[in-house]
Amino acid sequence: MRASRGAAAEVLGRVRARLDGCPGVFGVSDLEHALRSAERGLLDAISRIASDGEDVAALVALLREVLDARDEAVGGVLRRRGEAHDRVRRALTELRAAPTAGAVMDRAVQVLCTHCGFDRAFLFRVEGAEMVCESVHYVQDPEWAREFYELAQVQRPQLTHQLLETEMIRRRAPVMIQSPATDPRTFKPLVLPVKTTSYVAAPVMPDDKVIGFLHADCYFQGREVDEVDRDTIWAFAEGFGFAVDRALLLERLGAQRAEVSRLVAATNQVLTDLTTAELRITRGGDHAKLAGVAASTLLPQVAGPQAALLTPREHEVVALLAEGATNAAIARRLVVSDATVKSHVRNVMRKLHASNRAEAVAKYRRTFSDPLAPGFRPAGGG
């Protein structure tokens, strides 16, 4: 690409010499535009000369050179764009491997230089109305990079309406600065010490909110940045913003997972403690059976020959019926199924010749000398 630029510049020089004073050629900085302007100037000159009957062969040959140079320049730009796309993809792939959001930010400026063709890169975060330098990378002279970082911690640009970055926040688009030392929108306390002659910058804006800026230049290569560099840093900034957002989300999910694990472990410990305490009280054995025994000790016991009419479990069921307990409540109390409770209730009603639960309780009181009365004590009780 640099060779094609040199050849194009040489052709443009000869066009200027041939078309002295042609306004369409002079003062055009962009290469493709300059070549188009030269093409138009030559066509106009050929038209004028042809009308006068003069020889136009030399101008036609020069026009052919201009067209060839323009094709080469355009082709070179297309090739660079394709290469830049691949470089950005590789850079973002490496960036996504960073384990934390902090590591993503630390690596961003390095991979931007390593993969995307820049010599120096700067990452700033937005903190209130200030730009705070987060990280810096120079492919050469790390001491100079450290000096800039320390300077940027003191000289913090304010996001006022005059600043270029404020315009970037409003437009949400990258910029290319060709003369930063004289541009009134740049922050001179940081621009002048780095001695940059041109640079590109892009906002970092995941979820459409600007959270920072990336700046880069090609200082050590000695070349000016161009539109391809501007579009490259813009593509990288978009991917970088999503990488930071993803890393922060993974960190939050990791923290939540750790908290859930802690709560589960604490719950398991509580359950273990409760189970151990219960086992010490009941001294082991079948838990369901022990629970039934424990429940039966809270109910009245009936002694004498009349007690044989009902089984011990049916006595327990009637006692709970007298308290107004439902089948489900009785099942929980005696640690049996609802179907078992229903079977016991049917048996009690059949044996006492009762048509409903209330009648069964009443007949039970009469048959067993009101064992459910408050003053009743089980046989052998104190």
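Quantities reported herein were computed from a predicted structural model and do not represent experimental measurements.

### Brief notes about the nonpolar core
And then number 1: In this structure, L95, L112, F118, L214, F236 and F240 are the most contacted members of the largest nonpolar core, which totals 31 residues.
And then number 2: Among the secondary structure elements, those contributing two or more residues to this core are α3 (57-96), α4 (101-116), β1 (120-127), β4 (199-204), β5 (212-217) and α8 (227-282).
And then number 3: Counting residues in hydrophobic clusters, the runner-up holds 23 residues, among them F124, V136, M168 and V210.

### A closer look at the packing of helix α10 (residues 312-322) against helix α13 (residues 357-367)
And then number 1: Between α10 and α13, whose axes approach to 10 Å, the crossing angle comes to 115°. Relative to α13, the element α10 lies roughly perpendicular. Once α10 is placed against α13, the crossing between them reads as left-handed. Every residue of α13 that contacts α10 at H315, V318, L321 and A322 is listed here: R357, V361, Y364 and R365.

### Considerations on the environment of E251
And then number 1: Residue placement: E251 occurs in helix α8.
And then number 2: On the accessibility criterion, E251 (35% relative accessible area) is partly exposed.
And then number 3: For the pair E251 and A101, spaced 150 residues apart in the sequence, the C-alpha separation amounts to 7.9 Å.
And then number 4: The contact partners of E251, leaving out residues within four places of it in the chain, are T100, A101 and G102.

### Topic: the confidence of the model for the chain
And then number 1: Across the chain, pLDDT averages 79, with 78% of residues at or above 70.
And then number 2: Overall, residues 278-300 carries pLDDT values under 50, and its contacts beyond four positions in sequence, including any with other chains, amount to 21 contacts.
And then number 3: Long-range and interchain partners of residues 374-382, a stretch whose pLDDT sits below 50, account for nine contacts in this model, where long-range means more than four residues apart.

### Comments concerning empty space enclosed by the protein
And then number 1: Evaluation of the coordinates by the stated rule reveals one cavity of 30 Å³ or more.
And then number 2: Empty space within the largest cavity amounts to approximately 230 Å³.
And then number 3: In terms of lining residues, the largest cavity is bounded by 19 residues, among which F124, L190, V191, Y199 and H215 are the most central.
And then number 4: Going through the elements one at a time, β1, α7 (188-194) and β5 are the ones with two or more residues in the lining of the largest cavity.
And then number 5: Within the lining of the largest cavity, the residues separate by chemical class into 12 nonpolar, three polar and four charged.

### Quick word on the sheet that holds strand β3 (residues 175-177)
And then number 1: The strand order across the open sheet formed by five strands is β2-β1-β5-β4-β3, and the pairing between neighbours is antiparallel. The sheet terminates laterally at β2 (130-138) and β3, the two strands that pair on one side only. The average undirected angle you get between the axes of adjacent strands in this sheet is 20°.
And then number 2: Where β1 lies against β5, six bridges are found, and the strand directions are antiparallel.

### Focus: the side chain of H315
And then number 1: When you line up the elements, H315 lands in helix α10.
And then number 2: The exposure class of H315 is buried, given its relative accessible area of 9%.
And then number 3: A polar contact is formed between the side chain of H315 and the side chain of Y364, at a distance of 2.6 Å.

About the criteria used
- Sequence order sets the numbering: in each chain, residues are counted from 1 along the sequence as written.
- In keeping with the predicted nature of the model, local features appear solely for residues at pLDDT of at least 70, side-chain atom pairs appear and are counted solely at 80 or more, and the whole-chain, interface and lining totals rest on all residues.
- Side-chain measures here rest on the full set of heavy atoms in the structure, leaving out hydrogens and waters.
- Throughout this description, the term nonpolar core refers to a set of buried Ala, Val, Leu, Ile, Met, Phe, Trp, Tyr and Cys residues connected via side-chain atoms within 4.5 Å.
- Residue burial is assigned from relative accessible area. The probe radius is 1.4 Å, only protein chains are included, and a residue is buried under 20% of its type maximum, exposed over 50%, and partly exposed in between.
- Working definition: helices are DSSP H or I runs of at least four residues, strands are E runs of at least two. Numbering for both runs from the N terminus.
- Under this scheme, a helix contributes an axis fitted over its contacting stretch, all axes are lines through C-alpha atoms, and angles between N-to-C directions fall in the 0 to 180 degree range.
- Throughout, the term roughly parallel applies to angles under 35 degrees, roughly antiparallel to angles over 145, roughly perpendicular to angles from 65 to 115, and oblique to all others.
- Crossing handedness is read from the near helix: turned anticlockwise from the far helix by less than a right angle, it gives a left-handed crossing, and turned clockwise, a right-handed one.
- Residue contacts follow a heavy-atom distance rule, with two residues in contact if any of their heavy atoms lie within 4.5 Å.
- Values of pLDDT, ranging from 0 to 100, describe the predictor's confidence in every residue of the model.
- With a 1 Å grid spanning the protein atoms alone, the term cavity applies to any set of points in which a 1.4 Å probe fits but cannot get out, the term pocket to an open set with protein on both sides within 12 Å along at least five of seven lines, and the term lining residue to any residue with an atom within 4 Å of a point.
- Grid points are joined across faces, edges and corners, and a volume is the space filled by probe spheres set on the points.
- As a working rule, the residues Ala, Val, Leu, Ile, Met, Phe, Trp, Tyr, Cys and Pro are called nonpolar, Asp, Glu, Lys and Arg charged, and the rest polar, with Gly in that last group.
- Any two strands with at least two DSSP-identified bridges between them are counted as paired.
- Between N or O atoms, a polar contact is any pair within 3.5 Å; within protein, one atom must be a potential hydrogen donor and the other a potential acceptor, and residues adjacent in sequence are included only when both atoms are from side chains.

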